[in-house]
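Listed below are the residues making up each chain.
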Amino acid sequence: KRILGLHDGERFPASADSLAENTYYYNALRTYGISVPLIRTHYRDSSWKEYIGAIDDRGYGELSDRYASGPVEWAKMYMSVDPKAEFVCVIDNEDSVENLKDFVRFMTLMPGDKNACDESGINWAAKRAESGIINPIPVACFEIGNEYDMPFATDSETIKSGAEKYIEQCSAIIDGLKEVNPD
């Protein structure tokens, strides 16, 4: 039962230029008593920083809509359904280690933690707290994406080199994330 969860591949904002919650989806979960102990979603690119802060400071998506539902809204909405919910964050194996370290800072550290600031001095945990989630978001794990884009590879050398590249990327990511948060 612990691993029964929900894969939230979509965001559910009320409108493209508002941070107001679209309550239909979450109220349905509450109404029908659907437990959501584990929530999984993708932040598989470096644009997660465009999904945080005031709506006027956010970036725009493919349809010229503002990014209205980011990691803070996502966590708040699911924790409103199940206050004990935990999260699985899928991250991109081809993203930069520095960007992923910032994401771990944002999600899992307290503002006063010695690792909360990046090299430029930005306190990512404080940015989360400013958005209304004071304590770290309860991340069960970070899942490293495994798509190394070789869908048509058939020869063993190409497959082997892709696997080796993936292992190299994952090793660097794991080392970087542990540097920020050993847990």
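Everything numeric in this text was worked out from a predicted model, so none of it was measured.

Peer 1: Whenever I open this one, the pattern of salt bridges confuses me. Can you help?
Peer 2: Two side chains with opposite charge may pair up if their charged atoms get near one another. According to the stated counting rule, one finds six salt bridges in the structure shown. R58 is the partner of E73 in a salt bridge, and the nearest nitrogen-oxygen pair spans 2.8 Å. Taken as a pair, E73 in helix α2 (residues 71-81) and R58 in the loop between β2 (38-43) and α2 lie far apart in primary sequence, 15 residues in all. Take E73 and R58: they sit in the same class, and that class is buried. A single salt-bridge network, built from bridges that share partners, covers K49, D102 and R105.

Peer 1: When you look at α2 in this model, what are you seeing that I'm missing?
Peer 2: Every α-helical turn comprises 3.6 residues, leaving residues that sit three or four positions apart pointing alike. Along α2, eight of the eleven residues are buried, which leaves the element largely enclosed by surrounding structure. Three or more residues of α2 are buried, namely P71, V72, E73, W74, A75, M77, Y78 and V81.

Peer 1: Looking at this structure, I do not really get the packing of α2 against helix α3 (residues 97-108). What am I missing?
Peer 2: When two helices pack together, their arrangement is given by the angle between the helix axes and by the axis-to-axis distance. Where α2 meets α3, the axes come as close as 11 Å, and the angle between the chain directions of the two elements is 35°. Handedness of the crossing formed by α2 with α3: right-handed. The residues of α3 that touch α2, namely those facing P71, V72 and W74, are F103, F106 and M107. Its residues assigned to classes, the contact of α2 with α3 shows six nonpolar, no polar and no charged.

Peer 1: Honestly, the environment of L38 in this entry has me stumped. Any pointers?
Peer 2: For L38, the location among the structural elements is in strand β2. Its relative accessible area of 15% is what places L38 among the buried residues. Taking the C-alpha atoms as reference points, L38 and Y78, 40 residues apart in sequence, are found 9.5 Å from one another.

Peer 1: Explain the confidence of the model for the protein chain here, please?
Peer 2: If pLDDT is low for a region, its predicted coordinates should not be looked at in detail. Predicted confidence across the protein chain gives a mean pLDDT of 81, with 77% of residues reaching 70 or more. Contacts from residues 9-15, a stretch scored under 50 in pLDDT, to residues over four places away or in other chains number 17 contacts.

Peer 1: Is there a simple way to explain the packing of α3 against helix α5 (residues 156-180) in this structure?
Peer 2: For the pair α3 and α5, interaxial distance at closest approach is 9 Å and the crossing angle is 40°. The pairing of α3 with α5 is recorded here as oblique in orientation. In this structure, the crossing between α3 and α5 has a hand that is right-handed. Of the residues in α5, those touching α3 at V97, L100, K101, V104 and R105 are A172, I173, G176, L177, E179 and V180. Of the residues contributing to the contact of α3 with α5, the split by class is seven nonpolar, one polar and three charged.

What counts, and at which threshold
Residues numbered from 1 in each chain as written. Predicted model: local features only at pLDDT ≥ 70, side-chain atom pairs only at ≥ 80, totals over all residues. Heavy atoms only, no water. Salt bridge = Lys/Arg side-chain N within 4 Å of Asp/Glu carboxyl O. Helix = DSSP H or I, 4+ residues; strand = E, 2+ residues; numbered from the N terminus. Buried < 20%, exposed > 50% of the residue type's maximum accessible area, 1.4 Å probe, protein only. Axes fitted to C-alpha atoms, helices over the stretch in contact; angles between N-to-C directions. Left-handed = near helix turned anticlockwise from the far one by under 90°. Contact = heavy atoms within 4.5 Å. Nonpolar A, V, L, I, M, F, W, Y, C, P; charged D, E, K, R; others polar. pLDDT = per-residue confidence, 0-100. Parallel < 35°, antiparallel > 145°, perpendicular 65-115°, else oblique.

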